[in-house]
Amino acid sequence: MTASSKKLFVKTFGCQMNVYDSGRMADALAPAGFVRTETPDDADLIILNTCHIREKAAEKVYSEVGRMRGIKQARRGAGQETLIAVAGCVAQAEGEEIVRRAPVVDLVFGPQAYHRLPALVGRAQRGEAVVDTDFPAEDKFDHLPGASPERIRTAGPTAFLTIQEGCDKFCTFCVVPYTRGAEVSRPAAAIMDEARRLVELGTREITLLGQNVNAWHGAAPGGGEWGLGRLLHALAGIDGLERLRYTTSHPRDMDDELIAAHRDVPQLMPFLHLPVQSGCDRVLALMNRRHRRSDYLRLVDRIRKARPDIALSGDFIVGFPGEDEVDFEDTMELVRDVGYAQAFSFKYSPRPGTPGATMEDQVPDEVRGERLNRLQALLRHQQHNFNEGCVGTRLPVLLERPGRKVGQLVGRSPYLQPVNVDADAALLGEVIEVVIEEAGPNSLFGRLPQVRDEANPVVMESRF
Ligand code: SAH
Ligand code: SF4
Ligand code: F3S
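Each value, and the rule that gives it
- Residues numbered from 1 in each chain as written.
- Chains lettered and ligands numbered in written order.
- Predicted model: local features only at pLDDT ≥ 70, side-chain atom pairs only at ≥ 80, totals over all residues.
- Heavy atoms only, no water.
- Helix = DSSP H or I, 4+ residues; strand = E, 2+ residues; numbered from the N terminus.
- Buried < 20%, exposed > 50% of the residue type's maximum accessible area, 1.4 Å probe, protein only.
- Contact = heavy atoms within 4.5 Å.
- Areas by Shrake-Rupley, 256 points an atom, 1.4 Å probe, with all protein chains shown as cover.
- Lys, Arg positive; Asp, Glu negative; His and termini not counted.
- Charge placed at Lys NZ, Arg CZ, Asp CG, Glu CD.
- Near = heavy atom within 4 Å.
- Polar contact = N/O pair within 3.5 Å; in protein donor to acceptor, adjacent residues only side chain to side chain.
- Nonpolar A, V, L, I, M, F, W, Y, C, P; charged D, E, K, R; others polar.
- Axes fitted to C-alpha atoms, helices over the stretch in contact; angles between N-to-C directions.
- Phe/Tyr/Trp six-rings, centres within 6.5 Å; stacked < 30°, edge-to-face > 60°.
- Lys NZ or Arg CZ within 6 Å of the ring centre and 35° of its normal.
- Pairing = 2+ DSSP bridges.
- 1 Å grid on protein atoms, 1.4 Å probe; cavity = no way out; pocket = protein on both sides within 12 Å on 5 of 7 lines; lining within 4 Å.
- Points joined across faces, edges and corners; volume = space filled by probe spheres on them.
- Salt bridge = Lys/Arg side-chain N within 4 Å of Asp/Glu carboxyl O.
- Core = buried A, V, L, I, M, F, W, Y, C linked by side-chain atoms within 4.5 Å.

Colleague: Whenever I open this one, the overall build of the chain confuses me. Can you help?
Modeller: For the chain, the helix and strand inventory stands at 14 helices and 21 strands. Based on the C-alpha atoms only, the size of the chain along its principal axes is roughly 65 × 60 × 50 Å. Counting across all 464 residues of the chain, residues that qualify as buried make up 55%. Within the chain, residue pairs in contact and separated by at least 24 positions form 72% of the contacts whose partners lie at least 6 positions apart. For the chain, the accessible area works out to roughly 19,900 Å², and carbon and sulfur atoms hold 51% of it. With 57 positive and 65 negative side-chain charges, the chain shows a spacing of 2 Å between the two charge centroids.

Below is the structure:
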């Protein structure tokens, strides 16, 4: 095997940060000769980048390892070796337990070890069982290569950029503070450099990532410290960067400067993911969310004043320990009050090591399931109304990739809806106006405007 012929297959589970991390792992391994491939069948190294957030997510890892074992055996039969690695949040949470349960796994390493990958893989190639779940003091971002061949190969109109990692909030249901460690903010200059490089490679839209992205407070280029609002202003100054987004925000960290950025920075898209989890004060306190229902509603009002057409998205957990029917109705009422354009909702899943898992009054699974159905019906209805409200308007769409049908392209509206439109592939990477003609449950369909449309432009106003 020559240095240039090694194939790397990465399968990503979980959140956008894992998507970003998978790219950075490929970056880190590129100098060692690894090239990413789309199938595990001929891979020399298989990395499963895992998620621990709910039980179902964590269990997927073991079924996936089972499948990969088959591939490893088949390749060994043909005289080729395959290394199987488990990375990400399950690796961080379970460590050596993974190798005990699935001895076929050669390497286990957590999210803070990615810059050490070439050395770890080298040790595994020499037959050592490698487990690395340390939280090192040094900042891993300093050690990850920037414009690697992987970056150049995968560059597209939209990109993720992690600016903050970890979480100090310790919501009682959540594993993230344990799997990702304490909150770390990258310095503004490093973020600006990475953003500039992405734009040079053709990126038009950057989504800033963090488990608690709006808690970002990084070193400012000229000394001192910036908050996210200030950073967004600075990024908006990069020529060719047309759109900015950020996710995921905690309601406690939406400061005045950030809210004002939604009014003042045209590149900042009018879409905000602002999880609330529950609409009931007693449950919010049990969850250690550190805000009340009224704080959230007031915040939503202020954000909507700053940017009247903003579309909101949220996360909800139903059936947290102690939640009764009246508490759940509070959540339904909050959803009716706010009106979401999109949302994610989950049955509470007790996670080992979190305070919620050992709380009294765990809610039976059937009750959790039944409440989830009711909440999801309401959220689906709101999303449908929001999408229908776009029909007949013209929206600027960043065209990202070819659609399923020949001659069709898919892009995103400012409100993050996928928009399908018949357009020439030469328009990929451009923001164009699209006349929205039809709405589906999760996406929109439109056409390019014709001259006769110019007489009657319809622009979106507030949706709710
Ligand atoms: N940092 C973000 C959320 C990260 S986890 C925030 O603070 O909002 C993504 C979502 O998964 C959470 O918002 C929550 O709705 C859900 N989630 C987290 N832990 C969960 C658990 N134990 N059971 C069910 N859903 C959970
Ligand atoms: Fe988890 Fe809460 Fe931190 Fe979000 S803020 S990552 S829900 S502990
Ligand atoms: Fe999952 Fe880890 Fe993201 S637990 S949601 S992959 S931070």
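Colleague: Please clarify how the site of ligand 1 should be interpreted in this entry.
Modeller: Looking at ligand 1, there are 15 residues lining it, with Phe173, Gln211, Gln277, Asp315 and Ser349 nearest. A distance of 2.9 Å is found between a nitrogen atom of ligand 1 and a backbone nitrogen or oxygen belonging to Phe173. Between an oxygen atom of ligand 1 and a side-chain N or O atom of Gln277, the distance comes to 2.7 Å. Listed by contribution, the elements that provide at least two residues to the shell around ligand 1 are strand S15 (311–318) and strand S16 (342–347). Partitioning the shell around ligand 1 into residue classes produces 6 nonpolar, 4 polar and 5 charged.

Colleague: Looking at this structure, how should I read the packing of helix H10 (residues 256–264) against helix H12 (residues 293–306)?
Modeller: Working note: a packed helix pair is described by the angle between its axes plus the distance between those axes. Put simply, H10 and H12 touch, their axes get as near as 7 Å, and they point 35 degrees apart. Where H10 abuts H12, its residues Asp256, Ile259, His262 and Arg263 lie against Leu299, Arg302, Ile303 and Ala306.

Colleague: Help me understand the packing of aromatic side chains in this model?
Modeller: The way to describe two aromatic rings as a pair is by their centre distance and the angle between their planes. Within the structure shown, the criterion is met by 6 aromatic pairs. Ring geometry for Phe170 and Tyr178: centres 5.5 Å apart, planes at 75 degrees, overall edge-to-face. Since its relative accessible area comes to 37%, Phe170 is described here as partly exposed. Taking the centre distance of 6.4 Å and the plane angle of 80 degrees together, the rings of Phe173 and Phe320 count as edge-to-face. Of this pair, Phe173 sits in the loop between strand S8 (164–165) and helix H7 (176–179) while Phe320 is found in the loop between S15 and helix H13 (325–338), placing the two residues 147 residues apart along the sequence. Residue classification places Phe173 among the buried positions, given a relative accessible area of 11%. An aromatic cluster is present here, built from Phe173, Phe320 and Tyr348 joined pairwise through their rings. Above the ring of Phe346, the side-chain terminus of Arg54 is found at 3.6 Å from the ring centroid. Lying across the ring of Tyr62, Arg101 places its NZ or CZ 3.5 Å from the centre.

Colleague: For this particular structure, what's the right way to read the sheet that holds S16?
Modeller: With parallel pairing, the 3 strands of this open sheet are ordered in space as S14-S15-S16. Looking at strand neighbours, the two that pair on one side only are strand S14 (271–273) and S16, the edges of this open sheet. Taken pair by pair, the neighbouring strands of this sheet meet at an average axis angle of 10 degrees, ignoring direction. Bridge count for S14 against S15 is 3 bridges, and the pairing is parallel. Across the sheet, residue Leu272 finds its bridge partner in S15, namely Leu312. Sheet strands in contact with helix H14 (residues 365–390) are S15 and S16, and its direction is about 175 degrees off that of S16.

Colleague: Is there a simple way to think about the sheet that holds strand S19 (residues 418–422) in this case?
Modeller: Paired through backbone hydrogen bonds, the strands of a sheet run either parallel or antiparallel to each other. Read around the closed barrel, 5 strands run S17-S18-S19-S21-S20, paired in mixed fashion. Strand-to-strand twist in this sheet, taken as the mean axis angle between neighbours without regard to direction, amounts to 55 degrees. The pairing of strand S17 (residues 394–402) with strand S20 (residues 431–439) spans 5 bridges and is classified as antiparallel. Within S20, the residue paired with Val397 across the bridge is Ile432. The strands that H14 touches are S17, S20 and strand S21 (444–447); relative to S20, the one it contacts most, it runs at about 120 degrees.

Colleague: Honestly, the layout of surface pockets in this entry has me stumped. Any pointers?
Modeller: Picture a little ball the size of a water molecule; that probe, rolled over the atoms, points out where space is still empty. In this structure, the second largest pocket occupies an estimated 340 Å³ of space. Forming the walls of the second largest pocket are 14 residues, and the residues nearest its centre are Arg54, Glu55, Lys56, Lys347 and Ser349. Contributions of two or more residues to the lining of the second largest pocket are made by helix H2 (55–77), S16 and H14. Here the lining of the second largest pocket is composed, by residue class, of 5 nonpolar, 2 polar and 7 charged.

Colleague: So what exactly am I meant to see when it comes to the site of ligand 3 here?
Modeller: Around ligand 3, the surrounding shell consists of Cys15, Asn18, Thr50, Cys51, His52, Ile53, Cys89, Arg180 and Gln211. The residue makeup of the shell around ligand 3, split by class, is 4 nonpolar, 4 polar and 1 charged.

Colleague: Would you take a moment to explain the pattern of salt bridges for this structure?
Modeller: A side chain with one charge can pair with a side chain of the opposite charge if their charged atoms come near. Applying the stated rule across the entire model yields 35 salt bridges. Notably, a salt bridge pairs Arg282 with Asp327, separated by 2.6 Å at the nearest N-O pair. Of the two residues, Arg282 sits in helix H11 (residues 281–286) while Asp327 sits in helix H13, which places them 45 residues apart along the sequence. Judged by its relative accessible area of 42%, Arg282 falls in the partly exposed class. Close ionic contact of Glu437 with Arg447 constitutes a salt bridge, the shortest N to O distance being 2.8 Å.

Colleague: I would appreciate a short explanation of the nonpolar core in the present structure.
Modeller: Most often, soluble globular proteins keep nonpolar side chains buried together rather than apart. One finds Leu208, Leu231, Leu235, Tyr246 and Tyr340 to be the most contacted residues of the largest nonpolar core, which totals 53 residues. When sequence neighbours within four positions are dropped, the list of residues in contact with Tyr246 reads Thr207, Leu208, Val213, Leu228, Leu232, Met254, Leu258, His262, Leu268 and Leu272. Formed by 22 residues, the second largest nonpolar core is a distinct cluster that contains Val61, Met68, Ile98 and Val105.

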